[in-house]
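# Structural overview for review
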Amino acid sequence: MRPIHVIGGGLAGTEAAWQIAHRGAPVVLHEMRPVRATAAHKTDGLAELVCSNSFRSDDCATNAIGLLHEEMRRLGSLVMRAADANQVPAGGALAVDRDGFSAAVTSTLAAHPLVEIVREEIAGLPPADWDSAIVATGPLTSPALAEAIRAATGEDALAFFDAIAPIVHRDSIDLDTAWFQSRYDKAGPGGDGADYINCPLSREQYDAFVDALIAGDKVSFHEWEAVTPYFDGCLPIEVMAERGRETLRHGPMKPVGLTNPHAPQTKPYAVVQLRQDNRLGTLYNMVGFQTKLKHGEQVRILRTIPGLHNAEFARLGGLHRNTFLNSPKLLDPTLRLNAAPRLRFAGQITGCEGYVESAAVGLMAGRFAAAERLGETTAPPPATTAHGALLAHITGGHIETIDAGPRSFQPMNVNFGLFPPLAQAPTRGPDGERLRGPAKTLAKKRALTARALDDLAGWIGSGRMAAAE
Ligand SMILES: Cc1cc2nc3c(=O)[nH]c(=O)nc-3n(C[C@H](O)[C@H](O)[C@H](O)COP(=O)(O)OP(=O)(O)OC[C@H]3O[C@@H](n4cnc5c(N)ncnc54)[C@H](O)[C@@H]3O)c2cc1C
């Protein structure tokens, strides 16, 4: 049987290789380290964790990342097996001994008879005679390969930095203060003239907001990030605030073309706009609000915006060196490049964010590629599972919009906002008591995770996606 080639031995590539081999297909894993380094990796080990050693919450009942852990365990993930075996104490989080973790992944793959590991850079598109390849080269894909992908997919298809604006759960926005309206009631493509949620600020509120942005604690760029030219033309809101008090009011916070129906006689001094981010309509992103404020500061400062006092954030903002595709446009539902289906993509390069999410996308890509090689049919995981929700974000759940600035598809961690809403959210507790506030939110999360694990079992049980033990 001809091998499947996996390029990149990081979180996604190692998991993909494992899933392929475990299902009985041969795989060649190409990793460029130590022949060629990246700016962030420090070792030669596969699946190196380049920064924190945390896989975040391990709570599979009420946390979306914990649910993803559990689903991966049930799908026979090597990354999760190595993480569990190298766990270090971290309360409710799953943290690992990074060297032990990387060594476990490396030795397991090296020992597998169907896996060949080649230490080399793939410095262009995979050779034409590789009929199935998975590109899992991550946020620091080597320049030669990145340029080849860009040439094959188009100028705007591959981004070299992300410009992440915070995303808010729609049901946490106060619509007694905010309102739906597009500027000048203009109906854009697919819109109805009321496509944005608008949050009004008075002059005092705006001034206090600008002061808070300027004073807020920021994350600095890594030295190797600071020299990249790609950040030009995409300013964080705090930098705009520093450039002049009125800059934001003439940029993303301009108040023109909008009338507040809650106070039609009062013209807002500034307006923050949020735009629908996913087809499900559960998530709204803060337009033009990319920021390098520390996460805690973002929550504190953004909650001073009228309408967002109780905002729950599905994603906080950031600006980093990255490499990722405009996946919803370019990839099919099993992560193949529409224009060249012999190529699949996996990991952070597809527009997911985080170690675990990258490995999960690697897991799916590996299974899809193996099934194809073995002549089996593949169904993507149901959208109600954490895997399916993540895959839907990457391959079609996001709504592309046309505002100026960075393109709207940006990296995303797994979160409950990506899941289809429950048909019937729980309203009563086990003793029949009426649920309110945090208890209601918790019950909803429990119902979402229970539904996910049930549906995952159905997917595994369908036979077409038999779980590795
Ligand atoms: C500086 C930095 C810090 C981060 N910190 C965190 C964090 O704390 N927590 C978190 O959850 N996520 C973090 N991330 C985000 C992300 O989750 C990780 O980068 C994750 O490792 C991505 O997995 P991946 O498999 O897609 O890429 P990687 O794990 O980076 O794997 C890609 C592999 O491909 C290899 N490669 C690249 N180009 C080629 C080529 N042409 N030929 C052959 N091999 C190649 C690389 O050497 C690398 O081993 C961070 C990212 C960066 C850049």
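So, how was this worked out
Residues numbered from 1 in each chain as written. Predicted model: local features only at pLDDT ≥ 70, side-chain atom pairs only at ≥ 80, totals over all residues. Heavy atoms only, no water. Phe/Tyr/Trp six-rings, centres within 6.5 Å; stacked < 30°, edge-to-face > 60°. Helix = DSSP H or I, 4+ residues; strand = E, 2+ residues; numbered from the N terminus. Lys NZ or Arg CZ within 6 Å of the ring centre and 35° of its normal. Pairing = 2+ DSSP bridges. Contact = heavy atoms within 4.5 Å. Axes fitted to C-alpha atoms, helices over the stretch in contact; angles between N-to-C directions. Parallel < 35°, antiparallel > 145°, perpendicular 65-115°, else oblique. Left-handed = near helix turned anticlockwise from the far one by under 90°. Nonpolar A, V, L, I, M, F, W, Y, C, P; charged D, E, K, R; others polar. Near = heavy atom within 4 Å. Polar contact = N/O pair within 3.5 Å; in protein donor to acceptor, adjacent residues only side chain to side chain. Areas by Shrake-Rupley, 256 points an atom, 1.4 Å probe, with all protein chains shown as cover. Expected span 1.5 Å × (residues − 1). Buried < 20%, exposed > 50% of the residue type's maximum accessible area, 1.4 Å probe, protein only. Core = buried A, V, L, I, M, F, W, Y, C linked by side-chain atoms within 4.5 Å.

### Thoughts on the packing of aromatic side chains
- In this structure the tally under the stated criterion is 6 aromatic pairs.
- Measuring from ring centre to ring centre gives 6.3 Å for F209 and F289, while their planes differ by 25 degrees; the resulting arrangement is stacked. Placement of the pair is F209 in helix α6 (residues 203–215) and F289 in the loop between β13 (283–286) and α9 (295–302), with a sequence separation of 80 residues.
- Put simply, the rings of F55, F101 and Y355 touch in pairs and so form one group of aromatic residues.
- In this structure, R249 packs its charged tip against the face of Y269, placed 3.9 Å from the ring centre.

### Examining the sheet that holds strand β10 (residues 179–180)
- In spatial order, the strands read β10-β11-β12-β13-β9-β14; together these 6 strands make up an open sheet with antiparallel pairing. The open sheet has two edge strands with one neighbour each: β10 and β14 (313–315).
- Examined bridge by bridge, strand β9 (residues 167–169) and β14 share 2 bridges and lie antiparallel to one another. The residue bridging I167 from the neighbouring strand is R315, located in β14.
- Its contacts with the sheet place α6 against β11 (196–201) and β12 (270–276), and it is angled at close to 95 degrees to β11.

### A look at the packing of helix α2 (residues 64–74) against helix α13 (residues 437–461)
- Across the interface, α2 lies against α13 with an axial gap of 11 Å and an inter-helix angle of 20 degrees. Comparing the axis directions of α2 and α13 gives the class roughly parallel. In this structure, the crossing between α2 and α13 has a hand that is right-handed. Counting all contacts with α2, which are made through L67, E70, E71 and R74, the residues of α13 involved are T449, A452, L453, L456 and I460.
- In terms of residue class, the contact of α2 with α13 is made up of 5 nonpolar, 1 polar and 3 charged.

### Concerning the site of the ligand
- The ligand sits among 32 residues. The nearest are A12, E31, R33, Q348 and G354.
- Contact between the ligand and R33: an oxygen atom at 2.8 Å from a side-chain N or O atom of the residue.
- S358 is positioned with one of its side-chain polar atoms (N or O) 3.4 Å from an oxygen atom of the ligand.
- Computed on the free molecule, the ligand has an accessible area of 980 Å², of which 92% lies beneath the protein chains in the complex.
- Breaking the shell around the ligand down by element, the ones donating at least two residues are α1 (11–22), β2 (27–31) and α11 (355–373).
- Grouping the amino acids of the shell around the ligand by side-chain chemistry returns 12 nonpolar, 16 polar and 4 charged.

### Observations regarding helix α12 (residues 386–397)
- The end-to-end C-alpha separation of α12 is 13 Å, well short of the 16 Å expected for 12 residues at 1.5 Å each.
- When you tally the buried positions in α12, you get 10 out of 12 residues, the bulk of the element.
- For α12, the full list of buried residues reads A386, H387, G388, A389, L390, L391, H393, I394, T395 and G397.
- The inward-facing, buried residues of α12 contact α2, α10 (327–330) and α11.

### Here's the deal with the packing of α1 against helix α3 (residues 78–85)
- Running from amino to carboxyl end, α1 crosses α3 at an angle of 110 degrees, the nearest separation of the two axes being 8 Å. With respect to α3, the element α1 is oriented roughly perpendicular. On α3, the residues touching L11, T14, E15 and W18 of α1 are L78, V79 and R81.
- Class assignment of the residues belonging to the contact of α1 with α3 gives a composition of 4 nonpolar, 1 polar and 2 charged.

### A look at the nonpolar core
- F55, L68, F101, L109, L335, F345 and F419 are the most contacted members of the largest nonpolar core, which has 88 residues in total.
- Of the residues forming this core, the biggest block, 11 residues, is contributed by α11.
- In contact with L68, other than residues within four places in its own chain, are V356, E357, A360, A386, H387, L390 and V414.
- One finds V168, F209, L274 and M286 within the second-largest nonpolar core, a separate group that totals 31 residues.

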